[in-house]
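Working through the structure, step by step
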Amino acid sequence: MIPPTAEPEAHANPAADKSQITIVIPTFMEEACIEEAVRNAFTVADDVVVVDGGSTDSTCLTAQKAGARVVPSAPGRGRQLDLGARTARGDIFLFLHADTRLPEGAAGAIAKALHDPHVVGGNFRLIFKPESAAATLFSVANHWRRLWLNIYYGDSAIFVRRRVYETLGGFRPLPLFEDYEFVRRLERFGRTAYLSGHLVSASSRRFAKRPWRTLALWTFLHVLYTLGVAPQRLARFYRALR
């Protein structure tokens, strides 16, 4: 039996079919990076949906010019992700942050993982760029947290079978931890694949200026959420501290 946190070894390595994958990218004021995000997504999928939460910059126009389908939405990442899934054409959903980049061979890695019918979804190994001591620490922490605790977030490029997503009821419109809340339900539902040999890179912009404060704050919020504190209360607390 393959452990949930291991990258599965399929009996065959099926050719990746980009037409089976829909990539959903939630955005808000991402004009600086959305073109690169969409072009990167098209190396993995034929269907790329950008769900925008009310940007007033050129995010939507830039995404359209890059070839994505743009869907307007009320703000809120959980709401945007679910709306994107409901407009998706593929049988496999991959949820991607605008500042996360997929590696070469990502489609083949997903196809190989899902060749096992018992695997319901999974995620990639995450590294942060540009490189720094803090970025390395966050990258290593994410890796071992995934291996030991099956904890991962949306910036690690979560993928899931359409039928599983629909059975689980999709992402919920939470103001915080919408990704982890979904991951917990996904992990309880079935076996997941950790594609540790394939690295997705995300921007370290969120913690570059104050890495240790960010790490302490996010750990504190995660503990409170695990103890049952409502995401709505945590979101108010998070905004106040920021």
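Here goes a summary of the coordinates provided.

Rules used throughout
- Residues numbered from 1 in each chain as written.
- Predicted model: local features only at pLDDT ≥ 70, side-chain atom pairs only at ≥ 80, totals over all residues.
- Heavy atoms only, no water.
- Disulfide = S-S within 2.5 Å.
- Buried < 20%, exposed > 50% of the residue type's maximum accessible area, 1.4 Å probe, protein only.
- Helix = DSSP H or I, 4+ residues; strand = E, 2+ residues; numbered from the N terminus.
- Expected span 1.5 Å × (residues − 1).
- Contact = heavy atoms within 4.5 Å.
- 1 Å grid on protein atoms, 1.4 Å probe; cavity = no way out; pocket = protein on both sides within 12 Å on 5 of 7 lines; lining within 4 Å.
- Points joined across faces, edges and corners; volume = space filled by probe spheres on them.
- Nonpolar A, V, L, I, M, F, W, Y, C, P; charged D, E, K, R; others polar.
- Phe/Tyr/Trp six-rings, centres within 6.5 Å; stacked < 30°, edge-to-face > 60°.

Attention now moves to the state of the cysteines. Counted according to the given criterion, the structure contains zero disulfides. Note on C33: no disulfide assigned, nearest cysteine sulfur contributed by C60 at a separation of 13 Å. Exposure remark for C33: the relative accessible area of 11% places this residue in the buried category. Take C60: its relative accessible area is 24%, and that puts it in the partly exposed class.

The end-to-end C-alpha distance of helix α5 (residues 133-149) is 23 Å, a good match for the 24 Å that 17 residues give at a rise of 1.5 Å each. Of all the residues in α5, the buried ones are A134, A135, F138, S139, N142, H143 and R146. Check the buried side of α5 and you find it contacts β6 (119-129), α7 (178-189), β8 (191-203) and α8 (211-226). Phi turns positive, to about 60°, at N150, one or two residues after α5.

Here the focus is empty space enclosed by the protein. Which parts of space are left empty comes out when a probe the size of a water molecule is rolled across the atoms. Using the criterion set out here, one finds two cavities of 30 Å³ or more in the structure. Quantified by volume, the largest cavity comes out at close to 50 Å³. Looking at the largest cavity, the residues that line it are N123, F124, R125, L126, N142, R146, I151, Y152, Y153, D155, S156 and Y194. Among the elements of the structure, β6 and α5 are those that each provide at least two residues to the lining of the largest cavity. Examining the composition of the lining of the largest cavity, we find that four residues originate from one element, β6, more than from any other. A breakdown of the residues in the lining of the largest cavity according to their chemical character gives six nonpolar, three polar and three charged. Taken as a whole, the second largest cavity spans an internal volume of roughly 40 Å³. The wall of the second largest cavity is formed by L81, F95, L96, H97, G154, I158, F171 and D179. Taken together, the residues of the lining of the second largest cavity break down into five nonpolar, two polar and one charged.

Moving on: the packing of aromatic side chains. The relation between two aromatic rings is expressed through the spacing of the ring centres and the mutual angle of the planes. In this structure the tally under the stated criterion is 16 aromatic pairs. Judged by centre distance (6.0 Å) and plane angle (70°), the rings of F124 and F159 are edge-to-face. Highlighted residues: F124 in strand β6 and F159 in strand β7 (residues 158-161), separated in sequence by 35 residues. Exposure class is identical for F124 and F159. Each is buried. Taken together, the ring pairs connect F93, F95, Y165, F171 and F182 into an aromatic cluster.

Functional significance is not addressed by these values, which are geometric in nature.
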